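Residue-level structural notes
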Amino acid sequence: MQNKKIRRKGITITALTLSAFLIFQPVAIFADDTVSSSSTVSVESDSTTSSSSSSSSDETDSSSSSSSSSSSSSSSSSDSESTSDSTSGSDSDSTSTDSSSSDDSGSTDGSSDDTSSEDTESTGSSSADSTSDSSSTDDSTSDSSSSDTSADTSEDSADSSTDENSDETQNLSEDNASTEAQEENEDRPEQTTEELIAQQHIVDVAPIEKNYRFYLVDEDPAFAKENTKILQDNDDNAEEAGTLAKDSVVFILEELDDGWYYVESGKVRGFIRSDELTDDAATEEIINELEAKAGKATIDESKRVVAEDYYVTAVPTVSESENAAYLYSLATVYDRVVDKEYAVIKGTKVTVFSAMKGGTTKVGILHSGDVAYVLTSSEHGWVFIESGDVRGFVREDALYTGEKAEEALEQAGGDDQMSTAEQLVSPEDNEAFYYTYTSVKEGTAENPIRKAILKTAQECVGNPYVWGGTSLTDGCDCSGFVQTLFGLYGISLPRTAEQQSQCGTQIPVSEAEPGDLIFFAKDGYVYHVALYTGDNTTIEAYSESRGIINNTLDTTHAVWAVRVLDN
């Protein structure tokens, strides 16, 4: 099997950008003294003093040497330590957060079933090119060298005994896995999983509000080098969305892997290869020429000509509704927010339909006291309205607009004091939702870090599991997968699943959103972590036989989720 290469193009993260999306809590996450020169934000455990930083190759070497010395006195063979060295050393080139010390998998020779408790206490060794000295240790190093082995042995030994022919959606609940991991923690006080859960600070949180409306972004223009096309997918053989003449402008909305951009130009949205567009220097030169031309054309300051007046945009090949790429992203450089035209119903209840005729899908109900906004002019006696996230068609003669609607608003104290329509169909299933792309309110940007983490995690599926590893390409265990994945985007997590389970905000599993972490426990200890991807699914470094996989959430042993990123 050829391992998939992991990229992280198309997202630029600074400490300021990252801080806007991180959940800052007292003790759990702190900002100022943990942001390194590379804008890595450290997330610390509530119940431990472990704090992993972006330069983890230094700190984990010290940790590794401490664990190795502990292991060497009790290991059944002197070869165990050297085997661990060579295995986890391959992870050193993976990322800036590469931490080659393992949490519960010090012996990384792949024979987890035969590993003694002494062997598993030995942390997987440092990366081959590491030059760390013992003075570089931080809190996490002190933890691993001075405390008992409870932080070192909690998760991934569970996975290596999984049958190669297991169904891809089987749950992670092997009895032998949890029993083996528990034996490795003989010094841990005995407790039940219920007692473990009772010790946590699990809180209910408001769900992340999903965005269905366009939101404005800064313009990032480029110009076509020659006559070309905008496509409906990032594939040279994809259907055409529009044509682009030489020197026509596009606005780059997202940079994808493999040299593609997602762009917008007039009424055309879609994909184009980056090498078909001008680079920054050429783009600036063209804009300067257009500004000079605009300056000469301006005679009256009240009718000032600007460079944008000379922009030529793409010509649509298909309509917006037929363009499969149109809603790939809801970012836009064009203002799609319209003035509010208020409406209230005449009776006690009015149905909102998915089309301009009765008998079609009912998408919502307007009740007396609800406010609606008319988005289109009357057509065949119907108007298109929105009320909350209900968007659809209503008979015009069922509504009061103008002065009567204004009077209703005044009596209620404003539209923000009024209720909105009852939703019968979700926006995703409402075929009329994007009948028009305008709205009375602007959408909100999705957390780019959350989106990028999910995308990169999916690219890792199929890559190998290595007990004690932290490389997304050469192999990692479950907590190594999570630590390295988040580290790619400047978020430094502790090394073990047990430590990671104390970071961020602990929430019920039922409230997890894509990008949150799910933790699993049995017999009173945390032994596994997975990345939640929505709809009761996960991506996780599962076992040596199955590697990194898409999986169905194991609700049997899932105890809580952790939210590190807000939206």
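Only a predicted model underlies this, so the values are computations on that prediction, with no experimental measurement involved.

Helix and strand content of the chain: twelve helices and 27 strands. Taking all 567 residues of the chain together, the buried fraction comes to 52%. Within the chain, contacts between residues separated by at least 24 positions form 72% of all contacts whose residues are at least 6 apart in sequence. Carbon together with sulfur atoms contributes 45% to the accessible area of the chain, which is approximately 25300 Å² in total.

Looking now at the pattern of salt bridges. Summed over all chains, the structure comprises 14 salt bridges. Residues Lys-210 and Glu-513 are paired through a salt bridge, measuring 3.9 Å at the closest nitrogen-oxygen approach. Of the two residues, Lys-210 sits in the loop between helix 7 (193–198) and strand 2 (215–216) while Glu-513 sits in the loop between strand 22 (505–507) and strand 23 (517–522), which places them 303 residues apart along the sequence. According to the relative accessible area criterion, Glu-513 is buried, its value standing at 13%. Residue Arg-563 pairs with Asp-516 through a salt bridge whose shortest N-O separation is 2.9 Å. Of this pair, Arg-563 sits in strand 27 (residues 558–563) while Asp-516 sits in the loop between strand 22 and strand 23, placing them 47 residues apart in sequence. The same class applies to Arg-563 and to Asp-516, which are both buried.

With that out of the way, let us pick up the environment of Asp-389. In this fold, Asp-389 is placed in the loop between strand 15 (382–387) and strand 16 (390–395). On a C-alpha basis, the gap between Asp-389 and Ala-421 in space is 8.1 Å, while along the polypeptide they are 32 residues apart. Beyond its immediate chain neighbours, meaning those up to four positions away, Asp-389 contacts Tyr-212, Arg-213, Gln-423, Pro-427 and Phe-433. Within the structure, Asp-389 has its side chain in polar contact with the side chain of Arg-213 (distance 2.7 Å).

Moving on to the pairing of strand 11 (residues 342–345). In strand 11, alternate side chains face the same way, and those of Tyr-342 and Val-344 on one face and Ala-343 and Ile-345 on the other are all buried. As judged from the two bridges shared by strand 11 and strand 14 (residues 372–374), these two strands associate in the antiparallel manner. Pairing of Tyr-342 across the sheet is with Tyr-373, part of strand 14. Pairing of strand 11 with strand 17 (residues 399–401) involves three bridges; the strand directions are antiparallel. Looking at strand 17, one finds that Ala-343 is bridged to Thr-401.

Take the pairing of strand 16 next. Here strand 16 lies mainly inside the structure; five of its six residues are buried. Two strands pair when backbone bridges link them, and strand 15 and strand 16 are joined in this way by six bridges, in the antiparallel orientation. Residue pairing in the sheet places Glu-386 in a bridge with Arg-391 of strand 16. Here strand 15 hands over to strand 16 after two residues, with Gly-388 in that stretch at a positive phi of 65 degrees.

Turning next to the packing of aromatic side chains. Tallied over the full model, the rule gives 18 aromatic pairs. Taking the centre distance of 5.8 Å and the plane angle of 85 degrees together, the rings of Phe-214 and Tyr-437 count as edge-to-face. With Phe-214 in the loop between helix 7 and strand 2 and Tyr-437 in the loop between strand 18 (422–423) and helix 10 (448–460), the pair connects residues that are 223 residues apart, well separated along the chain. Tyr-437 carries the same exposure label as Phe-214, and that label is buried.

Even without glycine at this site, His-380 takes up a positive phi of about 55 degrees. The residue His-380 is located in the loop between strand 14 and strand 15 in this model. Using a relative accessible area of 67% as the deciding quantity, one classes His-380 as exposed. Phi at Asp-535 is positive, roughly 55 degrees, even though this residue is not glycine.

This next bit is on a negative patch on the surface. A contiguous patch of negative charge, built from Asp-218, Glu-219, Glu-291, Glu-308 and Asp-309, is present on the exposed surface. Judged by relative accessible area, Glu-291 falls into the partly exposed class, the value being 46%.

This part covers the nonpolar core. By size, the foremost hydrophobic cluster in this structure holds 36 residues, and its most contacted members are Ile-453, Phe-481, Phe-486, Ile-491, Leu-493 and Leu-517. Counting residues per element, the ones that place at least two in this core are helix 10, helix 11 (478–487), strand 23, strand 24 (525–534), strand 25 (537–543) and strand 27. One finds Val-249, Ile-287, Ala-325 and Val-333 within the second-largest nonpolar core, a separate group that totals 17 residues.

Here we take up the sheet that holds strand 26 (residues 547–552). The strand order across the open sheet formed by six strands is 22-27-23-24-25-26, and the pairing between neighbours is antiparallel. The sheet is open, and its two borders are formed by strand 22 and strand 26, each paired with just one other strand. On average, each strand axis in the sheet is inclined to that of its neighbour by 35 degrees, with strand direction left out of account. Bridge count for strand 23 against strand 27 is four bridges, and the pairing is antiparallel. Following the sheet pairing, Phe-520 is matched in strand 27 by Ala-558.

Quick look at the state of the cysteines now. A full pass over the atoms with the stated rule returns zero disulfides. Unpaired in terms of disulfides, Cys-478 finds its nearest cysteine sulfur in Cys-476, a separation of 9.0 Å.

Of all residues in the chain, 66% have pLDDT values of 70 or greater, and the mean over the chain is 75. When the criterion is pLDDT under 50, residues 7–42 qualifies, and its contacts beyond four places in sequence or with other chains add up to 81 contacts. Note on residues 44–184: pLDDT is under 50 here. Beyond four places in sequence and across chains, it has 331 contacts.

With respect to the helices and strands, Arg-391 occurs in strand 16. At 2.7 Å, the side chain of Arg-391 forms a polar contact with the backbone oxygen of Phe-433. Here Thr-436 takes part through its backbone oxygen, which lies 2.5 Å from a polar atom of the side chain of Arg-391.

Cut-offs applied
- Residues numbered from 1 in each chain as written.
- Predicted model: local features only at pLDDT ≥ 70, side-chain atom pairs only at ≥ 80, totals over all residues.
- Heavy atoms only, no water.
- Helix = DSSP H or I, 4+ residues; strand = E, 2+ residues; numbered from the N terminus.
- Buried < 20%, exposed > 50% of the residue type's maximum accessible area, 1.4 Å probe, protein only.
- Contact = heavy atoms within 4.5 Å.
- Areas by Shrake-Rupley, 256 points an atom, 1.4 Å probe, with all protein chains shown as cover.
- Salt bridge = Lys/Arg side-chain N within 4 Å of Asp/Glu carboxyl O.
- Polar contact = N/O pair within 3.5 Å; in protein donor to acceptor, adjacent residues only side chain to side chain.
- Pairing = 2+ DSSP bridges.
- Phe/Tyr/Trp six-rings, centres within 6.5 Å; stacked < 30°, edge-to-face > 60°.
- Patch = residues over 30% accessible without salt bridge, like charges linked within 9 Å, V, L, I, M, F, W, Y side chains within 5 Å.
- Lys, Arg positive; Asp, Glu negative; His and termini not counted.
- Charge placed at Lys NZ, Arg CZ, Asp CG, Glu CD.
- Core = buried A, V, L, I, M, F, W, Y, C linked by side-chain atoms within 4.5 Å.
- Axes fitted to C-alpha atoms, helices over the stretch in contact; angles between N-to-C directions.
- Disulfide = S-S within 2.5 Å.
- pLDDT = per-residue confidence, 0-100.

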